[in-house]
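# Survey of secondary and tertiary structure
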Amino acid sequence: MILKSLSAAALVAIASKHTAAFVPQQKGSHQSTRLLNQIDPVQIKKAGAGIPTVSSGGLFVFDPEANGKLQGTHDLQSRILGGAVFELQPPQVTLDVPPSDAIVEDAQHFLEHLDADGNLPLNFAKPQAPAKATVLGRAKLITDDAPGDIEHVILKLPEGFHYVEGQSLSVVPPGVDPKNGRKHKPRLYSIASTRYGDLLDGNTISLCVRRAEFIEPDGTKDPAKQGVCSNFLCDVKAGDEVDVAGPVGKTMLLPEDPNKDIIMIATGTGIAPFRGFLHRLFMENTLAKHMFGGNAWLVLGVPVSGGLLYKEEFDCMQRTSDKLKIDYAISREMTNSIDGGKLYVQHVIAQNGKELFDRLDAGAHVYFCGLKGMMPPILDTLDEVAKSQGCVWSEKLKELKKNNQWHVEVY
């Protein structure tokens, strides 16, 4: 563009936020320039040259990405950055009927509304007025050479009693406490099934129960010191009724973002909520399975191989997906590479410290479930790993809790 004036052509400079014109000013035999946006537009007009300008605004008042029809598609930025080579992508269209060449599968979906929009099923029944569940079956989960007794119990719930993965169920054992003559207090158990239940009918719930026993130094068992509720559940038969309350719990839920990794660390029956997680993400034909874009990592600690819980199920999951990693810590059969002693879950963490922290830094959620005695050595190990990674564990833990990446349920 050529601008004519009585004295000389005006120079035009274009900046990122303002268009500025430089107007020559005659002072004797020499010329000087001033920025246009420092001059009254009237003076520009009187000078006979120059372009009055208005600040571009920089999208501060109205942003099409956030407020307009672009709706976060980034088309605006793409146009600016792409310039002449920008190509408008065809809009995504939602169809009521799938295309003729699409592969359509039936999927479990009738309970997906339970946690939609942040809502959760809570307290269908209270411990003071429990609901009646019916035992459908019970099976021992460990071999005879494994210590103790762990049973898988399937209950049929009353109509309308629903839950989601990661929640817990209260069981009120029958009878009264001989110490005070009152009804027994409810015991809380992590739910070991998905919202659809092992029968996929949406009306059942599964529990993983260890029989609590007290063994004297001479090897005899003291019935007076045994767990009232756990022994009741480990002895139930099909058709028996069980008083239940709940569901409760918001701590152990799966991440809202399906692309986040999940890290699950369990000892013994602490595997219960993670069985529900893994069935939902790798076994059941649900939207959650199809949408899961992260990776799952399970660390399970048990004393002997015969005590590995649900191993056949997990083996099947690993055969059908490369998104599941499992590390077993079998304390009486394995040794750790740190001091050569027994292998516990904290040693698995230490041996894979960098991977663990890299995943956490990328937004992974970490879950812990089992006996409360598992946590002190785990926290000590995480402190040591943090030092090796150049960070302070107390600060890292605060960050994880703030971001809702830290989930603990111990008993």
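Residues numbered from 1 in each chain as written. Predicted model: local features only at pLDDT ≥ 70, side-chain atom pairs only at ≥ 80, totals over all residues. Heavy atoms only, no water.

Below, the discussion takes up the environment of Gly249. On the secondary structure map, Gly249 appears in the loop between strand E9 (241-248) and strand E10 (262-267). With a relative accessible area of 27%, Gly249 lands in the partly exposed category. As for Gly249 and Glu165, which are separated by 84 residues in sequence, their C-alpha atoms are 9.8 Å apart. (Helix = DSSP H or I, 4+ residues; strand = E, 2+ residues; numbered from the N terminus. Buried < 20%, exposed > 50% of the residue type's maximum accessible area, 1.4 Å probe, protein only.)

Moving on, we get to the packing of aromatic side chains. On inspection of all chains with the given rule, the structure shows 9 aromatic pairs. Ring centres of Phe274 and Tyr367 lie 6.4 Å apart, and the angle between their planes is 70°; this geometry places the pair in the edge-to-face category. Taken together, the positions of Phe274 in helix H5 (residues 272-283) and Tyr367 in strand E13 (residues 365-370) put the pair 93 residues apart, joining distant regions of the chain. On the accessibility criterion, Phe274 (0% relative accessible area) is buried. Sitting over the ring of Trp297, Lys325 keeps its end group 4.2 Å from the ring centre. (Phe/Tyr/Trp six-rings, centres within 6.5 Å; stacked < 30°, edge-to-face > 60°. Lys NZ or Arg CZ within 6 Å of the ring centre and 35° of its normal.)

Ile271, Phe274, Leu278 and Phe314 are the most contacted members of the largest nonpolar core, which totals 33 residues. Of all the secondary structure elements, the ones that give two or more residues to this core are E10, H5, strand E11 (296-302), helix H7 (311-320), strand E12 (324-330) and E13. If you tally residues by element for this core, the top one is H5, at 6 residues. Of all hydrophobic cores here, the second largest spans 25 residues; its members include Ile265, Val345, Val385 and Leu400. (Core = buried A, V, L, I, M, F, W, Y, C linked by side-chain atoms within 4.5 Å.)

What follows covers the sheet that holds strand E7 (residues 187-190). With antiparallel pairing, the 6 strands of this open sheet are ordered in space as E7-E6-E9-E4-E5-E8. Bordering the open sheet on either side are E7 and strand E8 (204-210), each of which pairs with just one other strand. On average, each strand axis in the sheet is tilted by 40° relative to the strand beside it, whichever way the strands run. Strand direction decides the pairing type here: strand E5 (residues 150-156) and E8, joined by 7 bridges, are antiparallel. (Pairing = 2+ DSSP bridges. Axes fitted to C-alpha atoms, helices over the stretch in contact; angles between N-to-C directions.)

This paragraph deals with the layout of surface pockets. The calculated volume of the largest pocket comes to roughly 970 Å³. Surrounding the largest pocket, 39 residues form its lining, Arg210, Thr267, Thr269, Leu371 and Tyr411 being those nearest its centre. When contributions to the lining of the largest pocket are tallied by element, the ones reaching two or more residues are E7, E8, helix H4 (228-235), E11, helix H8 (345-351) and strand E14 (406-410). Tallying contributions element by element places E7 first for the lining of the largest pocket, with 4 residues. (1 Å grid on protein atoms, 1.4 Å probe; cavity = no way out; pocket = protein on both sides within 12 Å on 5 of 7 lines; lining within 4 Å. Points joined across faces, edges and corners; volume = space filled by probe spheres on them.)

Attention now goes to the confidence of the model for the chain. When the pLDDT values of the chain are averaged, the result is 85; 78% of them are 70 or greater. Segment residues 1-34: pLDDT under 50, and 51 contacts once partners within four positions in sequence are set aside and those in other chains are kept. (pLDDT = per-residue confidence, 0-100. Contact = heavy atoms within 4.5 Å.)

What follows deals with the side chain of Gln346. Relative to the helices and strands, Gln346 is located in helix H8. Among the residues examined, Gln346 registers a relative accessible area of 14% and is labelled buried. Residues within four places of Gln346 in sequence aside, it is in contact with Pro377, Ile378 and Thr381.

Taken N-terminus to C-terminus, the directions of helix H9 (residues 353-361) and helix H10 (residues 375-388) make an angle of 85°; their axes are 10 Å apart at the nearest point. With respect to H10, the element H9 is oriented roughly perpendicular. Note on element contacts: H10 touches H9 through Leu382, Val385 and Ala386, opposite Gly353, Leu356 and Phe357. Among the residues making up the contact of H9 with H10, the classes are represented as 5 nonpolar, 1 polar and no charged. (Parallel < 35°, antiparallel > 145°, perpendicular 65-115°, else oblique. Nonpolar A, V, L, I, M, F, W, Y, C, P; charged D, E, K, R; others polar.)

Let us now look at the pattern of salt bridges. Oppositely charged side chains may form a pair once their charged atoms are brought near each other. Considering all chains together, one arrives at 20 salt bridges under this definition. Note that Arg359 and Glu355 form a salt bridge whose closest N and O atoms lie 2.8 Å from each other. Of the two residues, Arg359 and Glu355 both sit in helix H9, 4 residues apart, roughly one turn of that helix. Note on Arg359: relative accessible area 16%, which makes it buried. For Lys387, the salt bridge is made with Glu384, and the minimal N-O distance between the two is 3.8 Å. Note that Lys387 and Glu384 are positioned in helix H10 at a spacing of 3 residues, about one turn of the helix. Lys387 sits in the exposed class, given a relative accessible area of 54%. (Salt bridge = Lys/Arg side-chain N within 4 Å of Asp/Glu carboxyl O.)

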